[in-house]
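Here is how the chains run, residue by residue.
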Amino acid sequence: MSSLLKGVNLYLIGMMGVGKTTVGRLLAQQLGYGFVDTDNVIVQAAGKSINELFADKGEAAFRQLESDVLAQVCAFTKLTIATGGGIVLKRENWGYLHHGLIVWLDAPVELILARLAEDTTRPLLQDTDPQDKLRSLLEQRKPLYSQADLRITVQAEETPEQTAARIMEAIPTVLKPEVSQVHN
Ligand SMILES: Nc1ncnc2c1ncn2[C@@H]1O[C@H](COP(=O)(O)OP(=O)(O)OP(=O)(O)O)[C@@H](O)[C@H]1O
Ligand SMILES: O=C(O)C1=C[C@@H](O)[C@@H](O)[C@H](O)C1
Ligand SMILES: [Mg+2]
């Protein structure tokens, strides 16, 4: 599979809690790729948690850091990149994402809520009504996530390994044929 992708980066996009980080790590192992998580790079570089960054500098500053990280990582090849849920919001980010193959991990709001019920590390979910917040974020972002090359709907009962396996199976269906193959 890694020779099939020919070093092209794999970008995972989707709402918080769908499993981009968890599944992305597994995919990187299976592809023989490196793994990068844009949220983690930001946290490491800033020396602050995402909650602290949102509180101290605001969401706009976080989004700028996110774009800066994406611009840096897209210069490399053979990477699986788990992105932050809001990476799709900036138009300039799509110029970077489209250097690679983009996979949208989609999941129902109920599943995301169940997964993140005890999690306090997503500042946008620290809301009086997290379910309503998630719904409106998803509505706003759906047209953006839809620009991915591949949409994988995460099932409640499946393991990260099973999700990763379905992605590996689906990748060949969206790879562009090589020019030489087109002419043969
Ligand atoms: N298939 C799965 N089954 C059960 N739990 C899962 C599965 N995949 C991920 N999780 C759990 O759901 C939570 C969120 O997963 P993860 O951090 O990978 O999401 P994410 O898409 O990277 O979110 P974010 O955009 O906020 O970084 C974690 O606690 C993780 O262990
Ligand atoms: O969906 C979002 O906007 C976010 C998702 C996380 O990955 C983090 O990037 C941050 O919590 C914001
Ligand atoms: Mg993540």
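Here, every reference points to the structure presented above.
Report on the accompanying structure.

About the cut-offs
- Residues numbered from 1 in each chain as written.
- Chains lettered and ligands numbered in written order.
- Predicted model: local features only at pLDDT ≥ 70, side-chain atom pairs only at ≥ 80, totals over all residues.
- Heavy atoms only, no water.
- Pairing = 2+ DSSP bridges.
- Helix = DSSP H or I, 4+ residues; strand = E, 2+ residues; numbered from the N terminus.
- Axes fitted to C-alpha atoms, helices over the stretch in contact; angles between N-to-C directions.
- Contact = heavy atoms within 4.5 Å.
- Near = heavy atom within 4 Å.
- Polar contact = N/O pair within 3.5 Å; in protein donor to acceptor, adjacent residues only side chain to side chain.
- 1 Å grid on protein atoms, 1.4 Å probe; cavity = no way out; pocket = protein on both sides within 12 Å on 5 of 7 lines; lining within 4 Å.
- Sits in = over half its atoms within 2 Å of the grid points.
- Salt bridge = Lys/Arg side-chain N within 4 Å of Asp/Glu carboxyl O.
- Buried < 20%, exposed > 50% of the residue type's maximum accessible area, 1.4 Å probe, protein only.
- Areas by Shrake-Rupley, 256 points an atom, 1.4 Å probe, with all protein chains shown as cover.
- Nonpolar A, V, L, I, M, F, W, Y, C, P; charged D, E, K, R; others polar.

The next thing to look at is the sheet that holds strand β2 (residues 34-37). Spatial ordering of the open sheet is given by β2-β3-β1-β4-β5, a layout of 5 strands whose pairing is parallel. Each edge of the open sheet carries a strand with a single partner, namely β2 and β5 (150-153). Sheet twist, expressed as the mean angle between neighbouring strand axes with direction ignored, is 20 degrees. Where strand β1 (residues 10-13) and strand β4 (residues 101-106) come together, 4 bridges link them in parallel fashion. Its bridge partner lying in β4, Leu12 is registered against Val103. The strands that helix α9 (residues 160-174) touches are β1, β4 and β5; relative to β5, the one it contacts most, it runs at about 155 degrees.

Every residue near ligand 2 is listed here: Met16, Asp39, Ile50, Phe62, Arg63, Glu66, Gly84, Gly85, Gly86, Pro123, Leu124 and Arg141. Gly85 is positioned with one of its backbone polar atoms (N or O) 3.2 Å from an oxygen atom of ligand 2. A distance of 2.8 Å separates an oxygen atom of ligand 2 from a polar side-chain atom of Arg141. Taken atom by atom, the bulk of ligand 2 overlaps the largest pocket.

Here Asn93 shows up in helix α6 (residues 91-97). At 2.8 Å, the side chain of Asn93 and the side chain of Ser67 are in polar contact. With sequence-adjacent residues up to four places away left out, Asn93 is seen in contact with Ser67, Leu70 and Ile87.

In this structure the tally under the stated criterion is 7 salt bridges. Here Arg63 and Glu66 are joined by a salt bridge, their closest N and O atoms 3.1 Å apart. Remark: Glu66 and Arg63 occur in helix α5 (residues 59-73); sequence separation between them is 3 residues, near one turn of the helix. Residue class for Arg63 comes out buried when judged on its relative accessible area of 10%.

What follows covers the site of ligand 1. With respect to spatial proximity, 15 residues lie near ligand 1, and among them Gly17, Lys20, Thr21, Thr22 and Arg122 are the closest. With respect to ligand 1, the side chain of Thr22 contributes an N or O atom lying 2.5 Å from an oxygen atom. Interatomic distance of 3.3 Å between a side-chain N/O atom of Asp39 and an oxygen atom of ligand 1. Considered on its own, ligand 1 offers 630 Å² of accessible surface; in the complex 74% of this is hidden by protein. The cavity where ligand 1 resides is the largest pocket. In terms of residue count, the dominant contributor to the shell around ligand 1 is helix α2 (residues 20-31) (3 residues). The class makeup of the residues in the shell around ligand 1 is 4 nonpolar, 6 polar and 5 charged.

Function cannot be read off these values alone, since they describe shape.
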